[in-house]
Amino acid sequence: MATLDSKTPPGPLADKWRKHKADMKLVNPANKRKYEVIVVGAGLAGASAASSLADMGYKVKCFVFHDSPRRAHSIAAQGGINAAKNYQNDGDSVYRLFYDTIKGGDYRSREANVHRLAEVSVNIIDQCVAQGVPFAREYGGLLANRSFGGAQVSRTFYARGQTGQQLLLGAYSALMRNVGAGTVELHTQREMLDLVIVDGQAKGVVIRDLVTGAIERHAADAVVLATGGYGNVFNLSTYARGSNATAIWRAYKRGACFANPCYTQIHPTCIPVSGDYQSKLTLMSESLRNDGRIWVPKKAEDRRKDPSAIADADRDYFLERMYPAFGNLCPRDIASRAAKRVCDEGRGVGPSGLGVYLDFSDAISRLGANGVRERYGNLFDIYHEITAESAYEQPMRIFPAVHYTMGGLWVDYNLMSNVPGLFVLGEANFSDHGANRLGASALMQGLADGYFVIPYTIGDYLATQKPGSCPKADGPEFKAAEDNIRTMTKRLLDNPGREPVSHFHKRLGKLMWEFCGMARTKAGLETALQKIPELREEFWANVRVPGSGDSLNQSLEQAGRVADFIELGELMCRDALTREESCGGHFREEHQHPDGECKRNDEGFGHVAAWEFKGPGQAPARNVEALNYESVKMSVRNYK
Amino acid sequence: MVAANSTQPLSITLRVWRQADARQPGKFVEYQARELSPDMSFLEMLDVVNDQLTVKGEDPIAFAHDCREGICGTCSCTINGKPHGPGRGVATCQIYMRTFRDGDVVTVEPFRAAAFPVVKDLVTDRSAFDKIQSAGGFITVRAGSAPEANGLPVPKPDADLAMDAATCIGCGACVAACKNASAMLFVAAKVSHLGLMPQGQAERDRRVLAMVGTMDELGFGNCTNYYECSAACPKLISHDFIARMNGDYLKASFRAALKPESAGASGGV
């Protein structure tokens, strides 16, 4: 069994990080340049980590599968980034941001990690402003804020509806500065396909050059994975089409534990599915819930009516009704399930009946169309492009969609996995959001990990490694990993199958959405655990991957990723089946309060489940890290 | 944007640029795309065509794409001669089939420019943009050394204008649209964004000189004021920023000539 020591520092919560920083080992400046660090991924977490480590003097190699490090899907985050600056004088504090995040995560995250996140949130804003990120400003020139779900203060910093883009371009500019200075060696269009472990420690990666097909080996003193989340297991999601789990999944198969894989976030406000050809779902930012009101008709027979013909008295503003204290700004998991419930009652709108209205008519009468356009213009434009409807004239139709994964590779307080030398940052790890992430917290975590955590904690590990002791990439472990990848590539290309990769991805997505989506049951998960292995067999028997392995081959890339998604989907269902409770984004129908809210089982499941690979065809082992709440009492979330 | 004129399925003929790699010549190949929903995106249509090609045992069309919501800058098709196709202020991934009519012949090519060599079919190598960025598209600040964020007020109009420039997604449509394959709009957007912010003043001259110099070295052409770049830009970034950059460049050139760097500037610490 893997040992899961969270390495949470002792002492009072608010002092842990400060004290830990003082206690960690340091690497002296002359030695830093003797250590090589591999960073995989260049989203917010990867780019901020790569640039920060290079600024400190480490030799950094950064690998991205995109054609440029400016493309990662952090770029699509719309709404904002939280920070406990309390610029609004509305009662915010580090403690309150910590508390909101713990509560928002339904008491399934690690206290110490979350408190550190809240502490460094203020440094992130300073850093980004200094980089020139054009945050929204008030007329006095100071920074503006807005509010987001799960909070009663305004602590969200934003750059129109493109906050993720601006923060990523800030991190990208820092990364490219180091590339120009020769302190980061950048490799674009390179996909990590295996992790290399030497004497029990992560010491390298095997990479495929996506343009030439060449398989490369790279050795380093430490490996940092910042490769994002795995929501594309569901096929349809708000993720980019290329977002994938391959790097973390292959690391899992080399011994890194995968924590809480069943914790997925379903975002309440996305544009509904329109047809079978659909390749992605588009998010409408949570910030819209500041001014938009969500409703469905009270009577099912009104659902086909023109919304303007439904009188106010015949509308059910169900979030305002069910959660008067937070109203339309209740957390995502709660808003999504409420939307599902009213649609299950037959009151959903739109052609499929899987939609609810997000209505801006009150906001337009209050602020004028121009006032609304100034706040949300680009979102209304996106909505119009996709649906050919104007949200200024009629309510938007929205429905929940997969948006984020809280689970990920298990890491300790230092963001190191159970494999020494393997660090995991951003959405790829499991650490800070528990069973549900609050809005505007993903950007915060990605940058916290990259700018302010890994620069300290990686030194604590590297100081235990002799400078210059990094193994050569010609050792047997590297050769075995490369052979493994060559075999898999050949098997995919030579497979005498008939169906394109997308065929299997769509079927997996439907299984996952039906059985491991917004509501899960024992029977459904058991069905999925029977069907997914069948799908896996069928994939390997019948997938067709055209082309060759020695040039750009997008089908081959996708085939490897979908093969991993199928395996990961199975683990997610296994995790969801074992977790006999409801918490945050994980809702088991068997475990609910009479009003339909999540019923947690703190005694039985107040822990992290970290799954350990035991070999192909073997059941994985379920390891447990107890969550010890010292400062906050686990209580029932109440947004009423 | 063209309004929804029909909910009926449509069929089109695609003329697609096929090229195995940068060394081999390419050519147009015709494909039929039938019974398409008008609500389908242009890239989803290519997905469907590719699945059909795969089942038939043919090589699918390589095309660049990722976020499919117009923000990552990966997608890059020239559709009927226009970079990103018939829409205004949108990227290729935001084109929907309702824009086309039943029976249309639709020509699809990569973004064409000497500085963007074709990798395969519709995919080009735009790493030249990253090189320009690494020459000076940044404000040097290491993590941990930033001052308090509200210590430096930025007038709202400056921040708003900087944001207009900063919305650039780095797709390269401006280059593909320009008859000189100039990258002036791309470079001007970054130079203006950082130059408008008080934080960006320390490196202002050095930035514009280095970025423009690198742009010239990489084989991009010059601006001759046709403004096709702005028209093709998915974020509708204004060519006014090019004028701002030219002003910056001129002033920086004079200052660099008249005010030599301190002899100790490049010396050791």
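Residues numbered from 1 in each chain as written. Chains lettered and ligands numbered in written order. Predicted model: local features only at pLDDT ≥ 70, side-chain atom pairs only at ≥ 80, totals over all residues.

Chemist: Got a sec to walk through the overall build of chain A? Specific residues and values, please.
Modeler: From N to C terminus, chain A includes 16 helices and 19 strands. For chain A, whose C-alpha radius of gyration is 24 Å, the value lies close to the compact-globule estimate of 26 Å for 640 residues. Seen through its principal axes, chain A has C-alpha atoms that stretch 75 × 60 × 50 Å. A burial count over chain A gives 60% of its 640 residues as buried. Within chain A, contacts between residues at least 6 apart in sequence are counted, and of these 75% link residues at least 24 apart. (Helix = DSSP H or I, 4+ residues; strand = E, 2+ residues; numbered from the N terminus. Rg over C-alpha atoms; globule rule 2.2 N^0.38 Å. Buried ≥ 20, exposed ≤ 12 C-beta atoms within 10 Å, placed from the backbone. Contact = placed C-beta atoms within 7 Å.)

Chemist: So, the interface of chain A and chain B: which residues are in play, and what are the values?
Modeler: If you look at the interface, chain A gives 67 residues, while chain B gives 69 residues. At the level of elements, α3 (44–56), α5 (111–131), α6 (163–181), α10 (361–387), α11 (442–462) and α15 (554–578) of chain A are the ones that each hand at least two residues to the side of chain A that touches chain B. The dominant element in the side of chain A that touches chain B, judged by the number of residues it contributes, is α6(A), at 9 residues. Per-class residue counts for the side of chain A that touches chain B are 26 nonpolar, 27 polar and 14 charged. (Nonpolar A, V, L, I, M, F, W, Y, C, P; charged D, E, K, R; others polar.)

Chemist: Can you tell me about the domain arrangement of chain B, naming the residues and giving the values?
Modeler: Residues and elements named next belong to chain B. Here chain B is partitioned into domain 1 (10–120) and domain 2 (127–258). Relative placement of domain 1 and domain 2: their C-alpha centres are 30 Å apart. Counting from both sides, the interface comprises 18 residues of domain 1 and, opposite them, 17 residues of domain 2. (Domains from an automatic or database assignment.)

Chemist: Quick rundown of the environment of Y35(A)? Include the residues and the values.
Modeler: Here Y35(A) lies in the loop between α2 (29–32) and β1 (36–40). For the pair Y35(A) and M634(A), spaced 599 residues apart in the sequence, the C-alpha separation amounts to 42 Å.

Chemist: Describe the sheet that holds strand β6 (residues 190–198) of chain A, listing the residues and the values that go with them.
Modeler: Residue and element names in this part refer to chain A. An order of β6-β7-β8 is seen for the 3 strands of this open sheet, with the pairing classed as antiparallel. One side of each edge strand has no neighbouring strand; the edge strands of this open sheet are β6 and β8 (215–219). On average, adjacent strands in this sheet sit at an angle of 25 degrees to one another, irrespective of strand direction. (Pairing = 2+ DSSP bridges. Axes fitted to C-alpha atoms, helices over the stretch in contact; angles between N-to-C directions.)

Chemist: How would you explain the packing of helix α3 (residues 156–166) of chain B against helix α5 (residues 184–196) of chain B if you had to name every residue and give the values?
Modeler: Residue and element names in this part refer to chain B. Between α3 and α5, the least distance of the axes is 8 Å, while the angle of their chain directions is 160 degrees. When the interaxial angle is binned, α3 and α5 end up roughly antiparallel. Crossing angle aside, the handedness with which α3 passes α5 is left-handed. Every residue of α5 that contacts α3 at D158, L161, A162, A165 and A166 is listed here: A189, S192, H193 and L196. Here the contact of α3 with α5 is composed, by residue class, of 6 nonpolar, 2 polar and 1 charged. (Parallel < 35°, antiparallel > 145°, perpendicular 65-115°, else oblique. Left-handed = near helix turned anticlockwise from the far one by under 90°.)

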